[in-house]
Amino acid sequence: MAKSQFSLLLCLSIVVGFGFLSGSWAKETVGIYELNKGNFSVKFTNWGATIMSLVVPDKHGKLADVVLGYDRVMGYKNDSVYFGAIVGRVANRIAGAQFTLDGKHYKLVANEGKNMLHGGSKGFSDVIWEVKKHINKGPAPRIVFAYSSFDGEEGFPGNLSVTVSYTLLEDNQLDIIMKAKALNKATPVNLAQHTYWNLGGHDSNGVVIQIFASHYTPVDGKLIPTGKVVSVKGTPYDFLEPHAINSKMDKLPNGYDINYALNGSLSHKMRTAAIVYDKKSGRKMELLTNQLGVQFYTGNYLNGVKGKHGAVYQAHAGLCFETQGFPDAVNHPNFPSQIVRPGHTYKHHMLFKFSTH
């Protein structure tokens, strides 16, 4: 082989290797992308495969953005509350930032005291995703983001290929599908979409919600699951019937930050997880998923966050409904497994339906 040929191959190898090891191609830039369908529109950035805004009409036809966030991409790069992002490789908390799989112990990157939260200090919310497809026309406008997570990233085993697709459907529906393939090692995977919603358009905190779950997974003082799955009956976590959030939240020290075990069999069939209704605007949001759990979070740790159009977000300014597997499942054998093995694909499906009445 000629020296020039060898040098070229060496350079190509370094570029390819860097692209995979860094989890993203170096040439990929951060941008803003939009999908529109009638008066329903959503903006994204490929920093964290993030939803930046979602605009829908109220009962009078007035349009408003119902997503908390920032005006510019730079805000998301400096974000510490996961506005609108895809979080992973494992969302929620892992106790002690460690687990054992197939007899091997893995130590992860702790970023919340001794525990790991939402994939570590640089999880999927803090990386550049590749834009694989962006079609803003036709009956189903769509954008697809992809990310290659490398073996050892934040301590997790194996290379993982991840995609997230966002599609606008008829009647103001947003369809989200997250997929992940383990390429060479078994690994835990639990992705979540971490949008903060305010159906009043940054001007409401008195919404009525319904969560279709008879049980929840209680936590300790560090928000780590105890391993139990208990009934919501007689607790502030009971939203089997529609209730105003404020009617129950004063019974909790900070607000809601809890995983619900959704009703239905332990199968990954689509079913309704939650319904949110804002009486003032008339906006209603219904969430369906194929996941077994949903983390209901009331933005308890928002504290003077400077957001869109000069808004300053305080605690409880928005609501998160993060469909997911059960938190810390890697350390609770009684929880449904989140382990994905080579040759198998993780699929997480969410469907948001927006309407008014």
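Please read all numbers here as calculations on a predicted model, not as lab measurements.

A. View of the overall build of the protein. Looking only at helices and strands, one finds 3 helices and 28 strands in the protein. Here the C-alpha atoms of the protein give a radius of gyration of 20 Å, agreeing with the 21 Å that 2.2 N^0.38 yields for 357 residues. By its C-alpha atoms, the protein is 75 × 45 × 40 Å across when sized along the principal axes. Going through the 357 residues of the protein one by one, you find that 56% of them count as buried. Total accessible area on the protein is roughly 15700 Å²; 55% of this is exposed by carbon and sulfur atoms. Positive and negative charge centroids in the protein, built from 37 and 26 side chains respectively, lie 4 Å apart.

B. Focus on the sheet that holds strand β10 (residues 130–135). Spatial strand order, β10-β11-β12-β13-β28-β22-β21-β16-β19: 9 strands in an open sheet with antiparallel pairing. Each of the sheet's edge strands pairs with one partner strand only, and the pair in question is β10 and β19 (243–244). In terms of strand pairing, strand β16 (residues 208–211) meets β19 through 2 bridges, oriented antiparallel. Pairing of V208 across the sheet is with A244, part of β19.

C. Examining the environment of V330 more closely. With respect to the secondary-structure elements, V330 resides in the loop between β26 (320–324) and β27 (339–340). The exposure class assigned to V330 is buried, which follows from its relative accessible area of 19%. Measuring from C-alpha to C-alpha, the distance between V330 and D257 comes to 20 Å, with 73 residues separating the pair along the chain. Not counting residues up to four positions away in its chain, the partners in contact with V330 are I94, F99, P188 and I339.

Conventions adopted
- Residues numbered from 1 in each chain as written.
- Predicted model: local features only at pLDDT ≥ 70, side-chain atom pairs only at ≥ 80, totals over all residues.
- Heavy atoms only, no water.
- Helix = DSSP H or I, 4+ residues; strand = E, 2+ residues; numbered from the N terminus.
- Rg over C-alpha atoms; globule rule 2.2 N^0.38 Å.
- Buried < 20%, exposed > 50% of the residue type's maximum accessible area, 1.4 Å probe, protein only.
- Areas by Shrake-Rupley, 256 points an atom, 1.4 Å probe, with all protein chains shown as cover.
- Lys, Arg positive; Asp, Glu negative; His and termini not counted.
- Charge placed at Lys NZ, Arg CZ, Asp CG, Glu CD.
- Pairing = 2+ DSSP bridges.
- Contact = heavy atoms within 4.5 Å.

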